[in-house]
Amino acid sequence: MSLKIFAFQAILCLFIPCIQAQTHAELQPVDEQSAHNCNSFPLNATREQLVEEFNQMVHVVMYLHPKVTILADSAALRQAADSYTLLCTDSMSLEQYHQYVRNWLAGIGCGHTTSAPSLDWYTYQKEAKQIIPLDVFISQNKLWIRAVADSTQTLQAGMEILTINDIPASEILRDMRGIQTNDGINKTGTDFYVESLFRTYLLFLYGNCSQYDIQCKGPDGNIVKQAILGGLKVTPLKLNPLPGTDTIQTVDGIANLLYLKEKPTTAILSIHSFGFPDYKRFYKDVFKTIEQDSIEHLIIDIRGNGGGYFPNGNRLLTYLLADDFYFYISNPKKEKLKDDNLSMNFVSKMTMVLFNTIPDRDKADPDKNTWVPYSVKKKNHYDGQIYCMTDGGTFSMSSYVAAMLNEHTQATIVGTETGGGATGSQAALSYTYTMPLSGIRIFIPTHKVDHKVQNALPNRGVMPDTPLSRNITDFINGDDNVLRSLVDTIPDEHMEK
């Protein structure tokens, strides 16, 4: 059977959703409470047991990871593991133990290698309903209120957060950045996910609280204090659409083609995820419409796009790149690791089998190399000017798309550095290792994805040609100043004619 057929079969497997039934035991939080009525989740384990479990986790990750020594050598990673096991105690909480696990994982420098607390921990948090009702943004290395549960309270969007439950904002930021795994040494991705996951990360680090005491600095410089109950509903801040835009094509609001009334030759293709269904039909309709309407300037907005199925991103590129191309992945050749706590869902297993049937394309390399071919579209191929908008949330498959556009087209990259690596990442399929005592789940990628780009900064994301950052005042008012600024720079050829 041909390489294309095998690759096609492997791709098909990635579209099948995998649903796993889960069961949970009912556990109660520890009885001890802080002055702010905060609870931590019990571990009920001795220090010796935790040290043994931690060291086994380190062994599994270092054996399975396709490129574990991205930022540090093996000796340094083991030394770091030793330093965290020295901090383990008989009475520590799951939150504290999980923080050490994530601190160690962050030292690898792979954004796809991450962890989550036990399923029982999530069940308890869902039932407790005491998450902080506060969204934040980060600016000037400080925390600011993005949205809060009740706009009639003293706290308002745009206030600087000084402390939460007497913990300084600088300490909260330090702890949250420390548990955020990242591709290389890039910091834009770190802060993007700290903002996005702030409420969950607060639980990860400090447990849940029935009440949160917030101290802020108001616009006039005065100190403002407010106690808010955990679990209240917060209305997320959403950016307003640009005035004068019409939605031409859409897939459940995840991917949209927008036209600008004032600039008829400019279109915006916004893709929030590469995991959306019906992408083939969507792309076909989009580029047919763009061709018919003589669009000369195409903005591809993949800010906040955390990735998804690799065929979704590559299919987009077939309409944009000039020449046929390959999607390059590789994985180490090694003996299968036997561990009852290591698993992979059925779809990933079958896809791995199919990948393994594809011949090794570079036998001089000790790794197994798989190249998935893609042919560019001749019908409705887009040949106009491309602007690719990126930020710290542009990760995994979307950072690959940005890197390929930057390498193989005349696209202008606009915004901020991508959260995903410019030269590649460790991704594709994933193992799940469940730590047997704590139930913490470790997610370990199986393959190295090579973007085959030249002259990129090592261990950094795709850099913008036109750096544009959000304006905080506009941001609080829901104004997408980055997109607006880009649109203002694009010439209106229709008017010129």
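Remember, predicted model here, so these are calculated numbers, not experimental data. (Residues numbered from 1 in each chain as written. Predicted model: local features only at pLDDT ≥ 70, side-chain atom pairs only at ≥ 80, totals over all residues. Heavy atoms only, no water.)

S.K.: Sorry if this is basic, but what is going on with the overall build of the chain here?
M.R.: Helix and strand content of the chain: 15 helices and 21 strands. Computed over C-alpha atoms, the radius of gyration of the chain comes to 24 Å, within 12% of the 23 Å expected from 2.2 N^0.38 for 497 residues, which places it in the range of a compact globule. Counting only C-alpha atoms, the chain reaches 70 × 65 × 40 Å along its principal axes. Looking at the chain residue by residue over its 497 residues, the buried ones come to 53%. Counted over contacts in the chain with a minimum sequence separation of 6, partners at least 24 positions apart contribute 76%. (Helix = DSSP H or I, 4+ residues; strand = E, 2+ residues; numbered from the N terminus. Rg over C-alpha atoms; globule rule 2.2 N^0.38 Å. Buried < 20%, exposed > 50% of the residue type's maximum accessible area, 1.4 Å probe, protein only. Contact = heavy atoms within 4.5 Å.)

S.K.: How should the pairing of strand 20 (residues 441-450) be read in this particular structure?
M.R.: Side chains on a regular strand alternate between the two faces of the sheet. Among the ten residues that make up strand 20, seven are buried, leaving the element largely enclosed by the rest of the structure. For strand 2 (residues 114-116) and strand 20, the ladder comprises three bridges, and the chain directions are antiparallel. Within the sheet, the bridge partner assigned to Thr 114 lies in strand 20 and is Phe 443. Of the strand pairs in this sheet, strand 14 (residues 325-331) and strand 20 are connected by three bridges, and their pairing is antiparallel. (Pairing = 2+ DSSP bridges.)

S.K.: Help me out: how do you make sense of the side chain of Gln 130 in this one?
M.R.: By secondary structure assignment, the location of Gln 130 is in the loop between helix 5 (119-128) and strand 3 (134-139). What makes Gln 130 buried here is its relative accessible area of 18%. Those residues in contact with Gln 130 that sit more than four places away from it in its chain are Asn 39, Asn 208, Cys 209, Ser 210, Tyr 212, Gly 230 and Gly 231.

S.K.: What exactly am I supposed to notice about the state of the cysteines here?
M.R.: Here a disulfide denotes one covalent bond, and it connects the sulfur atoms of two cysteines. Applying the stated criterion across every chain, the model contains one disulfide. A sulfur-sulfur separation of 1.8 Å characterises the disulfide bridge that pairs Cys 38 with Cys 209. Every disulfide takes its handedness from the sign of the S-S torsion; for Cys 38 and Cys 209 that torsion is 105°, giving right-handed. Here Cys 209 lies in strand 7 (residues 208-209) and Cys 38 lies in strand 1 (residues 38-39), a separation of 171 residues in the sequence. (Disulfide = S-S within 2.5 Å.)

S.K.: I tried to follow helix 11 (residues 346-357) on my own but got confused; where do I start?
M.R.: Its twelve residues give helix 11 an end-to-end C-alpha distance of 17 Å, which sits within 8% of 16 Å, the value for a rise of 1.5 Å per residue. The N-terminus of helix 11 is capped by Asn 345, whose side-chain oxygen sits 3.3 Å from the backbone nitrogen of Val 347. (Expected span 1.5 Å × (residues − 1). Polar contact = N/O pair within 3.5 Å; in protein donor to acceptor, adjacent residues only side chain to side chain.)

S.K.: Sorry if this is basic, but what is going on with the sheet that holds strand 17 (residues 385-390) here?
M.R.: Where strands meet in a sheet, backbone hydrogen bonds hold them as pairs that are either parallel or antiparallel. Pairing within the open sheet is mixed, and its seven strands lie in the order 10-11-12-13-17-18-21. The sheet is open, and its two borders are formed by strand 10 (245-251) and strand 21 (466-467), each paired with just one other strand. The sheet contacts of helix 9 (residues 279-292) involve strand 10, strand 11 (255-260), strand 12 (263-271) and strand 13 (297-301), and relative to strand 11 the element is tilted by about 15°. Where helix 14 (residues 481-489) meets the sheet, its contacts fall on strand 11, strand 12, strand 13, strand 17 and strand 18 (412-415), and the angle it forms with strand 17 comes to roughly 165°. (Axes fitted to C-alpha atoms, helices over the stretch in contact; angles between N-to-C directions.)

S.K.: It is not clear to me how the packing of aromatic side chains should be interpreted in this structure. Could you clarify?
M.R.: Aromatic ring pairs are defined here through the distance separating the ring centres and the angle between the ring planes. In this structure the tally under the stated criterion is 21 aromatic pairs. Here the aromatic rings of Tyr 84 and Tyr 100 are separated by 6.0 Å at their centres, their planes lie at 25°, and the arrangement is stacked. Taken together, the positions of Tyr 84 in helix 3 (residues 74-85) and Tyr 100 in helix 4 (residues 94-106) put the pair 16 residues apart, joining distant regions of the chain. Taking relative accessible area as the criterion, Tyr 100 reaches 12% and is therefore assigned buried. The rings of Trp 121, Tyr 122, Tyr 201 and Phe 204 are connected pair by pair, giving a single aromatic cluster. The cationic tip of Lys 334 hangs over the ring face of Tyr 63; the distance from NZ or CZ to the ring centre is 4.7 Å. (Phe/Tyr/Trp six-rings, centres within 6.5 Å; stacked < 30°, edge-to-face > 60°. Lys NZ or Arg CZ within 6 Å of the ring centre and 35° of its normal.)

S.K.: Is there a simple way to explain unusual backbone geometry in this structure?
M.R.: For Gln 140, which is not glycine, the phi torsion reads 55° and is therefore positive. Overall, the relative accessible area of 65% leaves Gln 140 in the exposed class. The residue Asp 252 is not glycine, and still its phi comes out positive at about 50°. Residue placement: Asp 252 occurs in the loop between strand 10 and strand 11.

S.K.: Would you mind showing me how to read the packing of helix 6 (residues 169-178) against helix 7 (residues 188-196) here?
M.R.: Think of two packed helices as two axes; the pair is described by the angle between the axes and how far apart they sit. Interaxial distance between helix 6 and helix 7 falls to 10 Å at its minimum, and their mutual angle equals 110°. Classified by the interaxial angle, the pair formed by helix 6 and helix 7 is roughly perpendicular. Seen from above, helix 6 lies across helix 7 with right-handed handedness. Counting all contacts with helix 6, which are made through Leu 173, Met 176 and Arg 177, the residues of helix 7 involved are Thr 190, Asp 191 and Val 194. (Parallel < 35°, antiparallel > 145°, perpendicular 65-115°, else oblique. Left-handed = near helix turned anticlockwise from the far one by under 90°.)

S.K.: What exactly am I supposed to notice about the confidence of the model for the chain here?
M.R.: In low-pLDDT regions, the fine details of the predicted coordinates are not to be read closely. Mean pLDDT over the chain stands at 90; residues scoring 70 or higher make up 91%. Taken together, the stretch residues 1-34 has pLDDT below 50 and engages in 58 contacts with residues farther than four places along the chain or on a different chain. (pLDDT = per-residue confidence, 0-100.)

S.K.: What is the right way to read the pairing of strand 13 from this model?
M.R.: Of all the five residues making up strand 13, five are buried; the element is thus mostly covered by neighbouring parts of the structure. Both faces of strand 13 are covered, namely the face carrying His 297, Ile 299 and Asp 301 and the face carrying Leu 298 and Ile 300. By the bridge criterion, five bridges tie strand 12 to strand 13 in an arrangement that is parallel. Its bridge partner being in strand 13, Ala 267 is matched across the sheet by Leu 298. For the crossover from strand 12 across helix 9 to strand 13, the handedness is right-handed. In the sheet, strand 13 pairs with strand 17 via five bridges, with the strands oriented parallel. (Right-handed = clockwise from strand over helix to strand, strands pointing away.)

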